[in-house]
Amino acid sequence: MRDFVDRRSIVRKIWGHSDLILLVFAGSAAEFALNRAVDWLFFTNKLPSDPVGRLFSTVRHAQQIVFVDEATAERTFARIIAAHKGVERARGGDSIPDWAHRDVLYMLIDYSERAYALLHRPLTNAERVELYAVFKRVGEGLQIPELPSTYADWQVDRERHMERDLAFSPHTARLFKQYRRHLGAWRYDLLLQVQSLLVPPQVRQLLRLKPLPLLPLAVRTYRLCDQLQLRSVVQLALIPPNYLKDVRAFDRNGEA
């Protein structure tokens with residue numbers, strides 16, 4: 001059975017590295033809190049009640065697409081679609097807007113690229129095209145309509161979606177309060193600083209995020225720790241102990 005994602009793909013490299021995954025979701029956590037459709041997850045109460053657990057659930061779903069064969073990926077798509085339909089039925093038959101599905105998919109694309117650039121290097125043009133091609137297939141598997149045909153077209157649509165779909169709301173404030181509650185004060189402050197480096201200008205402005213002058217130096221220090229194989233020590237310091245085992249389980253790049 002053919003793999004859904006080529007084993008040499010940059011997408012596997014990103015989504016098999018726990019620290020890159022955490023960066024993807026640090027950025028997404030900031031932007032999703034601003035999205036006009038965030039009320040859908042407040043309806044289920046899954047995100048505000050357990051934001052870290054929700055992150056882990058999303059990562060597991062993503063890895064059940066990126067690191068499996070096409071038939072297994074199709075089964076994952078079916079489970080996700082069924083879960084969305086269940087929420088829609090519970091909310092009286094209203095439909096999650098197509099633009100909201102695109103927004104979430106676009107975040108995963110954008111922050112995958114931004115995370116890799118922050119910890120390693122900017123993606124090449126060929127890698128950007130490949131990244132978008134893979135996630136376009138994911139979007140099609142999830143029956144998301146009107147996806148741009150190319151990476152260049154996606155960039156234009158991504159800007160359009162951010163300008164139209166983001167606003168600070170009471171849901172935003174509540175979500176960030178929950179982030180702080182689950183992470184603790186100093187890890188929450190670190191999250192805000194990481195987000196300030198990752199997010200696009202529109203998100204940074206709406207959330208009033210300001211990076212500290214020494215933060216780029218901290219990123220360079222992390223890169224050195226990674227090269228010296230000290231990632232486990234860094235994770236031990238930065239990740240709440242009850243989540244550490246789950247985070248380390250995200251590392252998949254040793255898989256064939």
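Conventions and cut-offs
Residues numbered from 1 in each chain as written. Predicted model: local features only at pLDDT ≥ 70, side-chain atom pairs only at ≥ 80, totals over all residues. Heavy atoms only, no water. Helix = DSSP H or I, 4+ residues; strand = E, 2+ residues; numbered from the N terminus. Buried < 20%, exposed > 50% of the residue type's maximum accessible area, 1.4 Å probe, protein only. Contact = heavy atoms within 4.5 Å. Areas by Shrake-Rupley, 256 points an atom, 1.4 Å probe, with all protein chains shown as cover. Axes fitted to C-alpha atoms, helices over the stretch in contact; angles between N-to-C directions. Parallel < 35°, antiparallel > 145°, perpendicular 65-115°, else oblique. Nonpolar A, V, L, I, M, F, W, Y, C, P; charged D, E, K, R; others polar. Polar contact = N/O pair within 3.5 Å; in protein donor to acceptor, adjacent residues only side chain to side chain. Left-handed = near helix turned anticlockwise from the far one by under 90°. 1 Å grid on protein atoms, 1.4 Å probe; cavity = no way out; pocket = protein on both sides within 12 Å on 5 of 7 lines; lining within 4 Å. Points joined across faces, edges and corners; volume = space filled by probe spheres on them. Phe/Tyr/Trp six-rings, centres within 6.5 Å; stacked < 30°, edge-to-face > 60°. pLDDT = per-residue confidence, 0-100. Salt bridge = Lys/Arg side-chain N within 4 Å of Asp/Glu carboxyl O.

### Here's the deal with the overall build of the protein chain
Okay, step 1: Per the secondary structure count, the protein chain includes 15 helices and zero strands.
Okay, step 2: Within the protein chain, the proportion of its 256 residues that are buried is 50%.
Okay, step 3: Restricting to contacts in the protein chain with at least 6 residues of sequence separation, those with at least 24 account for 74%.
Okay, step 4: As presented, the protein chain carries roughly 13000 Å² of accessible surface, and 56% of it is formed by carbon and sulfur atoms.

### Examining the packing of helix 6 (residues 70-90) against helix 8 (residues 125-141)
Okay, step 1: Interhelical geometry of helix 6 versus helix 8 gives an angle of 55° and a closest axis separation of 9 Å. Here helix 6 is positioned oblique relative to helix 8, judged by the angle of their axes. Contacts between helix 6 and helix 8 involve Glu70, Phe77 and Ile81 on the former and, on the latter, Arg137, Val138 and Gly141.
Okay, step 2: Taken together, the residues of the contact of helix 6 with helix 8 break down into three nonpolar, one polar and two charged.

### Structural notes on the side chain of Thr76
Okay, step 1: Within the secondary structure layout, Thr76 lies in helix 6.
Okay, step 2: Within polar-contact distance, the side chain of Thr76 engages the backbone oxygen of Gln64 at 3.3 Å.
Okay, step 3: Contact partners of Thr76, with chain neighbours within four places excluded, come to His61, Gln64 and Ile65.

### Structural notes on the packing of helix 10 (residues 170-183) against helix 11 (residues 185-198)
Okay, step 1: In the contact formed by helix 10 and helix 11, the axes pass within 7 Å of each other and the chain directions differ by 130°. With respect to each other, helix 10 and helix 11 are oriented oblique. You can see that helix 10 and helix 11 cross each other, and the crossing is right-handed. Between helix 10 and helix 11, the contacting residues are Phe176, Tyr179, Arg180 and Leu183 on the first element and Ala185, Arg187, Tyr188, Leu191, Leu192 and Gln195 on the second.

### So, the layout of surface pockets
Okay, step 1: Taken as a whole, the second largest pocket spans an internal volume of roughly 170 Å³.
Okay, step 2: As for the second largest pocket, its lining consists of Ile81, His84, Lys85, Glu88, Ser95, Ile96, Asp98, His101, Leu142, Gln143, Ile144 and Pro145.
Okay, step 3: For the lining of the second largest pocket, the leading source of residues is helix 6, giving four residues.
Okay, step 4: Grouping the constituent residues of the lining of the second largest pocket by class yields five nonpolar, four polar and three charged.

### Some words on unusual backbone geometry
Okay, step 1: A positive phi is found at Gln143, a non-glycine position, where the angle reads about 65°.
Okay, step 2: Mapped onto the elements of the fold, Gln143 is located in the loop between helix 8 and helix 9 (151-165).
Okay, step 3: The backbone of Arg208 shows a phi angle near 55°, a positive value even though the residue is not glycine.
Okay, step 4: Relative accessible area serves as the criterion here: at 75%, Arg208 is assigned to the exposed category.

### Remarks on the packing of aromatic side chains
Okay, step 1: Taken as a whole and assessed by the stated rule, the structure comprises seven aromatic pairs.
Okay, step 2: A centroid spacing of 6.0 Å and a plane angle of 90° characterise the contact between Trp15 and Phe25, whose relative ring orientation is edge-to-face. Here the residue Trp15 occupies a position in helix 1 (residues 10-15), and Phe25 occupies one in helix 2 (residues 18-32), the gap between them amounting to ten residues.
Okay, step 3: Residue Trp15 is classed as buried on the basis of its relative accessible area, which comes to 1%.
Okay, step 4: Residue class for Phe25 comes out buried when judged on its relative accessible area of 10%.

### Points about the confidence of the model for the protein chain
Okay, step 1: Per-residue confidence for the protein chain gives a mean pLDDT of 87, with 86% of residues at or over 70.
Okay, step 2: Looking at the elements of the protein chain, mean pLDDT is at its lowest for helix 14 (residues 231-238), recorded as 60, and at its highest for helix 8, recorded as 98.

### Side note on the pattern of salt bridges
Okay, step 1: As enumerated under the stated definition, the model contains 16 salt bridges in all.
Okay, step 2: Between Arg158 and Glu31 there is a salt bridge; the shortest N-O distance is 2.7 Å. Placement of the pair is Arg158 in helix 9 and Glu31 in helix 2, with a sequence separation of 127 residues. Glu31 carries the same exposure label as Arg158, and that label is buried.
Okay, step 3: Two residues, Glu88 and Lys85, come together in a salt bridge whose shortest N-O distance is 3.9 Å. With Glu88 and Lys85 both in helix 6 and three residues apart, the pair spans about one turn of that helix.
Okay, step 4: Assessed through its relative accessible area of 42%, Lys85 is described here as partly exposed.

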